[in-house]
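Summary of structural features
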Amino acid sequence: MLDKSKKEKKRNDVETLVNEKINYNQIRLIDVSGSQLGIYSSKDAMNMALNAGLDLVLISEKSNPPVCRIIDYGKYKFIQEKKAKEAKKKQHNVTIKEVKMRYKIDVHDYNVRINQALRFLQSGDKVKANVIFRGREIQHAQLAIELLNKMAKDLSKISEIQQPPSKDGRNVIMILSPKKIL
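All values derive from a computational prediction rather than experimental measurement.

1. A look at the overall build of the protein chain
If you tally the helices and strands in the protein chain, you get five helices and eight strands. The order of α-helices and β-strands along the protein chain, N terminus first, is α-β-β-α-β-β-α-β-α-β-α-β-β. In terms of overall dimensions, the protein chain is more spread out than a globule: its C-alpha atoms have a radius of gyration of 29 Å, far above the 16 Å expected for 182 residues. Looking at the protein chain residue by residue over its 182 residues, the buried ones come to 29%. Of the contacts made within the protein chain by residues no fewer than 6 positions apart, 55% connect residues no fewer than 24 positions apart. Taking the average place of the 36 positive charges on the side chains of the protein chain and the average place of its 21 negative ones, the gap between the two points comes to 5 Å.

2. Some words on the sheet that holds strand β8 (residues 171–178)
Spatially, the four strands line up as an open sheet ordered β5-β6-β8-β7, and their pairing is mixed. Strands with a single pairing partner mark the edges of an open sheet, and in this sheet they are β5 (96–102) and β7 (159–168). Taking the axes of each pair of neighbouring strands and ignoring which way they run, one obtains an average angle of 20° across the sheet. Where strand β6 (residues 126–132) meets β8, six bridges bridge the pair, whose relative direction is antiparallel. Within β8, the residue paired with Ala129 across the bridge is Met174. Along the sheet face, helix α4 (residues 107–122) touches β5, β6, β7 and β8 and points at about 170° away from the line of β5. Here helix α5 (residues 141–154) sits on the sheet and contacts β5, β6, β7 and β8; the angle it forms with β8, its principal contact strand, is near 10°.

3. Here's the deal with the domain arrangement of the protein chain
Its domain assignment divides the protein chain into domain 1 (19–89) and domain 2 (96–178). Computed over C-alpha atoms only, the centres of domain 1 and domain 2 are separated by 55 Å.

4. A look at unusual backbone geometry
Omega for the peptide link from Asn64 to Pro65 comes to -5°, which places this bond in the cis form. Relative to the helices and strands, Pro65 resides in the loop between β3 (55–60) and β4 (67–71).

5. Considerations on the UniProt feature "domain: Translation initiation factor 3 N-terminal" (unreviewed entry) in the protein chain
Mapped onto this structure's residue numbering, the UniProt feature "domain: Translation initiation factor 3 N-terminal" (unreviewed entry) falls at residues 18–87. The straight-line gap between the two end C-alpha atoms of residues 18–87 is 24 Å; of that span, 37% is helix and 29% is strand.

6. Focus: the sheet that holds strand β2 (residues 36–40)
Read across the open sheet, the four strands follow the order β2-β1-β4-β3; overall the sheet is mixed. Each end of this open sheet is capped by a strand with a single partner; those strands are β2 and β3. The mean angle between the axes of side-by-side strands here comes to 30°, regardless of whether they run parallel or antiparallel.

7. Let's talk about the pairing of β2
Sheet topology note: the strand β1 (residues 27–30)/β2 ladder contains four bridges and is antiparallel. Paired with Leu29 across the two strands is Gly38, which belongs to β2. In sequence, β1 turns back onto β2 through a hairpin of five residues, with Gly34 there showing a positive phi of about 100°.

Thresholds applied
- Residues numbered from 1 in each chain as written.
- Predicted model: local features only at pLDDT ≥ 70, side-chain atom pairs only at ≥ 80, totals over all residues.
- Heavy atoms only, no water.
- Helix = DSSP H or I, 4+ residues; strand = E, 2+ residues; numbered from the N terminus.
- Rg over C-alpha atoms; globule rule 2.2 N^0.38 Å.
- Buried < 20%, exposed > 50% of the residue type's maximum accessible area, 1.4 Å probe, protein only.
- Contact = heavy atoms within 4.5 Å.
- Lys, Arg positive; Asp, Glu negative; His and termini not counted.
- Charge placed at Lys NZ, Arg CZ, Asp CG, Glu CD.
- Pairing = 2+ DSSP bridges.
- Axes fitted to C-alpha atoms, helices over the stretch in contact; angles between N-to-C directions.
- Domains from an automatic or database assignment.
- UniProt positions renumbered as here; feature names shortened; annotations may be inferred.

If you want it as structure tokens, here you go:
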């Protein structure tokens, strides 16, 4: 079992260095308004931040020298969390939706399955087309593969085959993914 401090470190993958935790010989300093003040020692920059009643926050340690900014840390943290929430809102998790049918499906039922798959693909999800066999029907696997190829052809304008039709136990499956919009 992880102790509390390890859990918090895992949750906050990257810890932002603030005030006394910044230990560099020289840093590039940016003030509250966003203008560059120049290169200072971290102690001098820390004193400037304290005199302004604000915090010294490490913005980028990858540059040479590292970039720090004099800002209110609470406000900075709030803005970063807000940006992360916005990015998460815009993110779409792709799920696999399943469309099941039998190899001897009727024309109307087939059209219903095509419309379902079309709706799933338009919403950005992948579609797993599954043809189910019972008993001795498994000997007609070739008919199921032809049916899935027909389905792929009917949906070819908005989808591409991610996994071609293949036998999987008592089923024949195919996975379609939405086409990338250029």
